[in-house]
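The residues making up each chain are set out below.
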Amino acid sequence: MGQCGNQIGAAFWENIIQEHGINTEGKFVGNNSNQIERANVYFTEAANQRFVPRVVAVDLEPGVLNNIKHGKYGGLFRPDSLVNAGSGAGNNWAKGFYTEGAELLDQVLDTIRRDVENCDLLSGFQLCHSIGGGTGSGMGSLMLQKIREEYPDRMVSTFTVMPSQSSSEAVIEPYNSVLSIHHLIENSDMTFCLDNDALTRICLDSLKIKSPVHSDLNALVAKVMSGVTTSLRFPGQLNADLRKLAVNMVPFPRLHFLLSGIAPLTGAKAMSYRNVTVPDLCQQMYGAQNMLVNIDPRHGRYLTCATMFRGKVSVKECEDTISSYTAKNVSSFVEWIPNSTQIAVCDVPPVDMDIAATFLGNNTAIQEAFFRIGEQFGKIFRRKAFIHWFTDEGMDEMEFTEAESNINDLINEYKQYQDAGVEDEEYATYDEGGYEGDAGANDMPVDEHAEGEY
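Residues numbered from 1 in each chain as written. Predicted model: local features only at pLDDT ≥ 70, side-chain atom pairs only at ≥ 80, totals over all residues. Heavy atoms only, no water.

1. Some remarks on the pattern of salt bridges
Step number 1: Within this structure, the stated rule accounts for 19 salt bridges.
Step number 2: Two residues, Glu100 and Lys95, come together in a salt bridge whose shortest N-O distance is 3.8 Å.
Step number 3: Using a relative accessible area of 23% as the deciding quantity, one classes Lys95 as partly exposed.
Step number 4: Where Glu149 meets Lys146, a salt bridge forms, and the shortest distance between an N and an O atom there is 3.9 Å. One end of the pair is Glu149 and the other is Lys146, both in helix 5 (residues 135–150) and three residues apart, which spans about a single turn.
Step number 5: Shared partners join several salt bridges into a network, and the residues in it are Arg78, Asp80, Arg114 and Asp115. (Salt bridge = Lys/Arg side-chain N within 4 Å of Asp/Glu carboxyl O. Buried < 20%, exposed > 50% of the residue type's maximum accessible area, 1.4 Å probe, protein only. Helix = DSSP H or I, 4+ residues; strand = E, 2+ residues; numbered from the N terminus.)

Okay, here's the thing in structure tokens:
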């Protein structure tokens, strides 16, 4: 959805087309039956055993979609699944949500409906977009709302590029972002947060790319996306589908904004000098410098985590390594969710690698990103600057206020659960009077009080 979403999506498809051994004609040319066994999760098999990506690409201007059509894999995509208007959203959330996006909506929903009807079992939807511009934020919010209405029991996960702290493409980015996050809180089941600052830092520091360009950043995002979806696409020793992932990762419905990371991240020249092991992967993927969003996880605590290992690795070694790491870093995890790390193992490694891992974390430090955006929003909204561009498209000023208070509530919820201990306020009241025949509440084992409200 939008320029950013389509470029990320194109990189993701390029990645998984190679992983599944499919050539530019859509024919299977791989050498491993695992590659094609579950290809129907992301591909539809057309006539002559041709595999067609199951995708709907939407933009309010034709530029990026034309590039995809004329690119290396452009011939694979069904022409009517690339939907665009001609005018663009002009970096304006209200244009994407109320006017330009709304005009294109029916055509997009019809295309989605047709793809859904051809599915044997619909698992859910994945949306790639950024929230700083107009199409990805405004029309992305509209699409989320409509998909949630039409398919209320299906999983909706989003790969969301947050605004960059160091460089901004539009002055009204904070408006677009706050309005989009308001809709993501309500309508998304899982949101994988990304931002260009973190991606650029990884390219410079870890991958040793001197002048990273957008294609380098998109390749990193594509690796995370293919890592998250590995268990859907390949058979493995420990599988995790989208719903199982969400059940384990989201303890409270509003707190579904996840950090992501990948390993190994090594410069091309240094790769031949390393023998990557499971402990190496673990150490790197938990590292603050390898998160794909610009926050420091050490400033918060992990509510839940998920690790997806790929390649010929021992499940026992993965479990032992993760439990050893969590035991050494107890303070990084909330103590009231025991065994908070989910592990998945898939036998098929990424292209040109022996083993790799993808990390997802539900960390309370994500509030930093929302706080930054909210602070910038507050500065321009207090003066009512640029508001007329939104109200002219039929928007009500109250929507800004609602969205801001929703984000502030979210930040407060993250703070609340970061500071919460095993012992709830209820236990303090027991302590004052004590229990009959007991020395006091503090002498009782914690599990006897396990029914406190959290």
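Still more to cover.
2. A look at the environment of Met285
Step number 1: Mapped onto the secondary structure, Met285 falls in helix 11 (residues 278–285).
Step number 2: The spacing of Met285 and Leu65 is 220 residues in sequence and 33 Å in space, taken between C-alpha atoms.
Step number 3: Those residues in contact with Met285 that lie beyond four places of it in its chain are Ala263, Met291, Thr307, Phe309, Ile322, Ala357, Thr358 and Phe359. (Contact = heavy atoms within 4.5 Å.)

3. Structural notes on the packing of helix 13 (residues 367–381) against helix 15 (residues 398–419)
Step number 1: As a packed pair, helix 13 and helix 15 sit with axes 10 Å apart at the nearest point and diverge in direction by 150 degrees. Viewed along their axes, helix 13 and helix 15 adopt a mutual orientation that is roughly antiparallel. Crossing hand, helix 13 versus helix 15: left-handed. Across the interface between the two elements, Gln367, Phe370, Phe371, Phe377, Gly378 and Phe381 of helix 13 pack against Phe400, Thr401, Glu404, Ile407, Leu410, Ile411, Tyr414, Lys415 and Gln418 of helix 15.
Step number 2: The class makeup of the residues in the contact of helix 13 with helix 15 is nine nonpolar, four polar and two charged. (Axes fitted to C-alpha atoms, helices over the stretch in contact; angles between N-to-C directions. Parallel < 35°, antiparallel > 145°, perpendicular 65-115°, else oblique. Left-handed = near helix turned anticlockwise from the far one by under 90°. Nonpolar A, V, L, I, M, F, W, Y, C, P; charged D, E, K, R; others polar.)

4. A word on the packing of helix 11 against helix 12 (residues 315–328)
Step number 1: Interhelical geometry of helix 11 versus helix 12 gives an angle of 40 degrees and a closest axis separation of 10 Å. One element, helix 11, and the other, helix 12, form an angle in the oblique class. Crossing geometry of helix 11 relative to helix 12 is assigned as right-handed. Only Glu317, Cys318, Thr321, Ile322 and Tyr325 of helix 12 make contact with helix 11, whose side of the interface consists of Val278, Pro279, Cys282 and Met285.
Step number 2: Residue composition of the contact of helix 11 with helix 12, grouped by class: seven nonpolar, one polar and one charged.

5. Comments concerning the pairing of strand 11 (residues 341–346)
Step number 1: Counting buried positions along strand 11 gives six out of six residues, so the element sits mostly inside the fold.
Step number 2: Of the two faces of strand 11, the one holding Thr341, Ile343 and Val345 and the one holding Gln342, Ala344 and Cys346 are both buried throughout.
Step number 3: Note that strand 10 (residues 302–311) and strand 11 share six bridges and pair parallel. Among the inter-strand pairings, Thr307 is bridged to a residue of strand 11, identified as Ile343.
Step number 4: Following the backbone out of strand 10, through helix 12 and into the adjacent parallel strand 11, one traces a crossover that is right-handed. (Pairing = 2+ DSSP bridges. Right-handed = clockwise from strand over helix to strand, strands pointing away.)

Function-wise, these values are silent; they only describe arrangement.
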